[in-house]
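Survey of secondary and tertiary structure
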Amino acid sequence: MAVAVCPGSFDPITLGHLDIIERSTYIYDKVVVGIADNQAKRALFALDERVAMVTEAVAGLRNVVVAAFDGLLVEFAKANEAQVIIKGLRAISDFEHEFQMAHLNKKLDGSVETVFLMASPEYMFLSSSAVKEIAVFGGDLAGLVAETTAARLERKLQG
Ligand code: ADP
(Lines give C-alpha, C1' and ligand atoms only; values in the text may rest on other atoms or scores of the structure.)
Protein backbone atom coordinates (compact mmCIF):
# COMPACT_ATOMS: atom_id res chain seq x y z
CA MET A 1 0.00 0.00 0.00
CA ALA A 2 1.36 3.41 -0.98
CA VAL A 3 1.13 5.72 2.02
CA ALA A 4 2.02 9.43 2.10
CA VAL A 5 2.45 11.84 4.97
CA CYS A 6 1.40 15.49 4.59
CA PRO A 7 3.13 17.33 7.44
CA GLY A 8 2.70 20.87 8.70
CA SER A 9 1.75 23.11 11.57
CA PHE A 10 -1.75 23.80 10.23
CA ASP A 11 -2.14 26.86 12.43
CA PRO A 12 -4.76 27.09 10.91
CA ILE A 13 -5.34 24.67 8.00
CA THR A 14 -6.08 26.62 4.79
CA LEU A 15 -7.74 25.69 1.50
CA GLY A 16 -4.18 25.58 0.09
CA HIS A 17 -3.28 22.76 2.50
CA LEU A 18 -6.58 21.00 1.77
CA ASP A 19 -5.91 21.21 -1.96
CA ILE A 20 -2.53 19.46 -1.50
CA ILE A 21 -4.07 16.82 0.80
CA GLU A 22 -6.94 16.10 -1.60
CA ARG A 23 -4.65 15.86 -4.63
CA SER A 24 -2.44 13.45 -2.65
CA THR A 25 -5.42 11.13 -2.13
CA TYR A 26 -5.66 10.69 -5.91
CA ILE A 27 -2.06 9.45 -6.03
CA TYR A 28 -1.66 7.43 -2.81
CA ASP A 29 -3.81 4.75 -1.15
CA LYS A 30 -3.70 6.46 2.21
CA VAL A 31 -2.71 9.99 3.31
CA VAL A 32 -1.68 10.72 6.88
CA VAL A 33 -1.90 14.40 7.80
CA GLY A 34 0.83 14.93 10.40
CA ILE A 35 0.35 17.88 12.72
CA ALA A 36 3.65 19.03 14.14
CA ASP A 37 3.86 19.82 17.81
CA ASN A 38 6.61 22.34 17.20
CA GLN A 39 7.28 24.10 20.50
CA ALA A 40 9.65 26.57 18.84
CA LYS A 41 6.80 28.00 16.76
CA ARG A 42 4.27 29.78 18.94
CA ALA A 43 0.97 28.52 17.62
CA LEU A 44 -2.35 30.35 17.90
CA PHE A 45 -4.18 27.02 18.23
CA ALA A 46 -3.13 24.36 20.73
CA LEU A 47 -2.17 20.98 19.31
CA ASP A 48 -5.48 19.31 20.23
CA GLU A 49 -7.40 22.20 18.65
CA ARG A 50 -5.38 21.83 15.45
CA VAL A 51 -6.07 18.08 15.39
CA ALA A 52 -9.83 18.74 15.80
CA MET A 53 -9.76 21.55 13.19
CA VAL A 54 -7.92 19.44 10.59
CA THR A 55 -10.11 16.39 11.30
CA GLU A 56 -13.28 18.36 10.56
CA ALA A 57 -11.72 20.01 7.48
CA VAL A 58 -10.75 16.65 5.89
CA ALA A 59 -14.04 14.94 6.82
CA GLY A 60 -15.18 14.83 3.18
CA LEU A 61 -11.96 13.24 1.90
CA ARG A 62 -11.47 9.49 1.54
CA ASN A 63 -8.50 7.58 2.93
CA VAL A 64 -7.19 10.46 5.04
CA VAL A 65 -6.21 10.10 8.69
CA VAL A 66 -5.00 12.83 11.05
CA ALA A 67 -2.32 12.40 13.71
CA ALA A 68 -0.13 14.68 15.81
CA PHE A 69 3.59 14.13 16.06
CA ASP A 70 6.68 15.52 17.71
CA GLY A 71 10.22 14.54 16.96
CA LEU A 72 11.61 13.66 13.57
CA LEU A 73 9.33 13.67 10.54
CA VAL A 74 11.05 10.61 9.04
CA GLU A 75 10.33 8.68 12.26
CA PHE A 76 6.67 9.69 12.04
CA ALA A 77 6.61 8.59 8.38
CA LYS A 78 8.14 5.22 9.26
CA ALA A 79 5.77 4.69 12.21
CA ASN A 80 2.89 5.19 9.77
CA GLU A 81 4.48 2.92 7.12
CA ALA A 82 4.65 5.88 4.73
CA GLN A 83 7.17 5.79 1.89
CA VAL A 84 6.60 9.39 0.91
CA ILE A 85 6.50 12.89 2.44
CA ILE A 86 4.36 15.31 0.43
CA LYS A 87 5.07 19.03 0.52
CA GLY A 88 3.26 21.80 -1.27
CA LEU A 89 5.45 24.30 -3.14
CA ARG A 90 4.23 27.85 -3.49
CA ALA A 91 6.41 30.64 -4.79
CA ILE A 92 10.17 30.46 -5.12
CA SER A 93 10.46 31.46 -1.46
CA ASP A 94 9.36 27.95 -0.34
CA PHE A 95 11.97 26.27 -2.46
CA GLU A 96 15.19 26.91 -0.56
CA HIS A 97 13.81 25.76 2.79
CA GLU A 98 12.04 22.74 1.31
CA PHE A 99 15.10 21.76 -0.72
CA GLN A 100 17.20 21.74 2.47
CA MET A 101 14.56 19.80 4.46
CA ALA A 102 14.15 17.19 1.72
CA HIS A 103 17.91 16.54 1.61
CA LEU A 104 18.25 16.41 5.39
CA ASN A 105 15.34 13.98 5.67
CA LYS A 106 16.85 11.85 2.91
CA LYS A 107 20.12 11.79 4.85
CA LEU A 108 18.30 10.73 8.02
CA ASP A 109 16.40 7.99 6.23
CA GLY A 110 17.18 7.13 2.61
CA SER A 111 14.03 5.03 2.27
CA VAL A 112 11.63 7.97 2.65
CA GLU A 113 11.22 10.12 -0.45
CA THR A 114 9.96 13.74 -0.49
CA VAL A 115 7.53 14.56 -3.29
CA PHE A 116 6.50 18.13 -4.15
CA LEU A 117 3.14 19.17 -5.51
CA MET A 118 2.87 22.61 -7.06
CA ALA A 119 0.42 24.89 -5.28
CA SER A 120 -2.69 25.53 -7.34
CA PRO A 121 -2.65 29.07 -8.78
CA GLU A 122 -5.60 30.23 -6.65
CA TYR A 123 -3.73 29.27 -3.45
CA MET A 124 -0.24 30.32 -4.48
CA PHE A 125 -0.25 33.31 -2.12
CA LEU A 126 -2.22 31.74 0.71
CA SER A 127 -0.50 31.06 4.02
CA SER A 128 -1.59 30.37 7.61
CA SER A 129 0.06 33.58 8.78
CA ALA A 130 -1.81 35.69 6.19
CA VAL A 131 -5.07 34.05 7.26
CA LYS A 132 -4.35 34.93 10.90
CA GLU A 133 -3.63 38.54 9.99
CA ILE A 134 -6.87 38.85 8.02
CA ALA A 135 -8.83 37.17 10.84
CA VAL A 136 -7.42 39.52 13.49
CA PHE A 137 -8.82 42.48 11.56
CA GLY A 138 -12.17 40.82 10.90
CA GLY A 139 -11.62 40.30 7.16
CA ASP A 140 -13.61 37.85 5.05
CA LEU A 141 -12.05 34.38 5.12
CA ALA A 142 -14.32 32.88 2.45
CA GLY A 143 -12.24 31.12 -0.20
CA LEU A 144 -9.22 30.98 2.11
CA VAL A 145 -10.21 28.45 4.80
CA ALA A 146 -13.06 25.97 5.36
CA GLU A 147 -16.17 27.38 7.05
CA THR A 148 -15.53 25.27 10.14
CA THR A 149 -12.01 26.73 10.35
CA ALA A 150 -13.28 30.29 9.91
CA ALA A 151 -15.72 29.72 12.78
CA ARG A 152 -12.90 28.43 15.01
CA LEU A 153 -10.78 31.49 14.17
CA GLU A 154 -13.65 33.79 15.03
CA ARG A 155 -14.22 32.05 18.37
CA LYS A 156 -10.51 32.02 19.19
CA LEU A 157 -9.99 35.69 18.45
CA GLN A 158 -13.10 36.74 20.33
CA GLY A 159 -12.05 34.70 23.37
P1 ADP B 1 5.18 24.99 8.04
O2 ADP B 1 5.82 23.85 7.30
O3 ADP B 1 5.97 26.26 7.99
O4 ADP B 1 4.63 24.66 9.36
P5 ADP B 1 2.56 24.94 7.01
O6 ADP B 1 2.09 24.10 8.09
O7 ADP B 1 1.76 26.15 6.69
O8 ADP B 1 3.99 25.41 7.13
O9 ADP B 1 2.64 24.12 5.67
C10 ADP B 1 2.84 22.76 5.54
C11 ADP B 1 2.99 22.41 4.09
O12 ADP B 1 1.92 22.94 3.34
C13 ADP B 1 4.26 22.98 3.45
O14 ADP B 1 4.75 22.01 2.54
C15 ADP B 1 3.78 24.18 2.70
O16 ADP B 1 4.59 24.47 1.59
C17 ADP B 1 2.42 23.70 2.26
N18 ADP B 1 1.52 24.81 2.00
C19 ADP B 1 1.19 25.80 2.84
N20 ADP B 1 0.34 26.66 2.26
C21 ADP B 1 0.12 26.18 1.00
C22 ADP B 1 -0.65 26.64 -0.12
N23 ADP B 1 -1.36 27.76 -0.06
N24 ADP B 1 -0.62 25.89 -1.24
C25 ADP B 1 0.12 24.77 -1.31
N26 ADP B 1 0.88 24.30 -0.30
C27 ADP B 1 0.89 25.00 0.83
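This write-up is about the structure you can find in this document. Predicted, not measured: the structure shown is a model, and the values here were computed from it. (Residues numbered from 1 in each chain as written. Predicted model: local features only at pLDDT ≥ 70, side-chain atom pairs only at ≥ 80, totals over all residues. Heavy atoms only, no water.)

1. Here we look at the site of the ligand
- The full set close to the ligand counts 17 residues, and S9, K41, G88, Y123 and L126 are the nearest of them.
- Between G88 and the ligand, the recorded distance is 2.5 Å, taken from a backbone N or O atom to an oxygen atom.
- For the shell around the ligand, the element with the highest residue contribution is helix α1 (residues 15-25), accounting for three residues.
- Of the residues that constitute the shell around the ligand, the class distribution is six nonpolar, six polar and five charged. (Near = heavy atom within 4 Å. Polar contact = N/O pair within 3.5 Å; in protein donor to acceptor, adjacent residues only side chain to side chain. Helix = DSSP H or I, 4+ residues; strand = E, 2+ residues; numbered from the N terminus. Nonpolar A, V, L, I, M, F, W, Y, C, P; charged D, E, K, R; others polar.)

2. With respect to a nonpolar patch on the surface
- Nonpolar side chains collect at one region of the surface, where I92, F95 and F99 lie side by side and expose about 360 Å² of accessible area between them.
- With respect to the helices and strands, I92 occurs in helix α4 (residues 92-108). (Patch = residues over 30% accessible without salt bridge, like charges linked within 9 Å, V, L, I, M, F, W, Y side chains within 5 Å. Areas by Shrake-Rupley, 256 points an atom, 1.4 Å probe, with all protein chains shown as cover. Salt bridge = Lys/Arg side-chain N within 4 Å of Asp/Glu carboxyl O.)

3. Focus: the environment of I13
- Mapped onto the secondary structure, I13 falls in the loop between β1 (3-8) and α1.
- For the pair I13 and V131, spaced 118 residues apart in sequence, the C-alpha separation works out to 9.4 Å.

4. Examining the packing of aromatic side chains
- Inspection of the entire model under this criterion finds two aromatic pairs.
- With 4.5 Å between their ring centres and 20° between their planes, F69 and F76 make a pair best called stacked. As far as burial versus exposure is concerned, F69 and F76 are alike and both buried. (Phe/Tyr/Trp six-rings, centres within 6.5 Å; stacked < 30°, edge-to-face > 60°. Buried < 20%, exposed > 50% of the residue type's maximum accessible area, 1.4 Å probe, protein only.)

5. Here we look at the pairing of strand β3 (residues 64-69)
- In this structure, strand β2 (residues 30-36) lies alongside β3, joined through six bridges in parallel fashion. Counterpart to A36 in the pairing with β3 is F69.
- This β-α-β element, β2 to helix α2 (residues 47-57) to β3, shows right-handed connectivity. (Pairing = 2+ DSSP bridges. Right-handed = clockwise from strand over helix to strand, strands pointing away.)

6. Points about the pattern of salt bridges
- Tallied over the entire structure, the rule returns eight salt bridges.
- Residues D11 and K132 are paired through a salt bridge, measuring 2.9 Å at the closest nitrogen-oxygen approach. Here D11, found in the loop between β1 and α1, pairs with K132, found in helix α5 (residues 128-136); they are 121 residues apart in sequence, far enough to count as distant.
- The class of D11 is buried, set by a relative accessible area of 6%.

7. Examining the nonpolar core
- The biggest cluster of nonpolar side chains holds 31 residues, and the ones touching the most others in it are I13, I21 and I86.
- At the level of secondary structure, the elements contributing two or more residues to this core comprise β1, α1, β2, α2, β4 (84-89), α5 and α6 (147-158).
- Element by element, the count of residues in this core is highest for α1, at four residues.
- If you look at the next biggest cluster of nonpolar residues, it comprises 12 residues, including F76, A82, I85 and V112. (Core = buried A, V, L, I, M, F, W, Y, C linked by side-chain atoms within 4.5 Å.)

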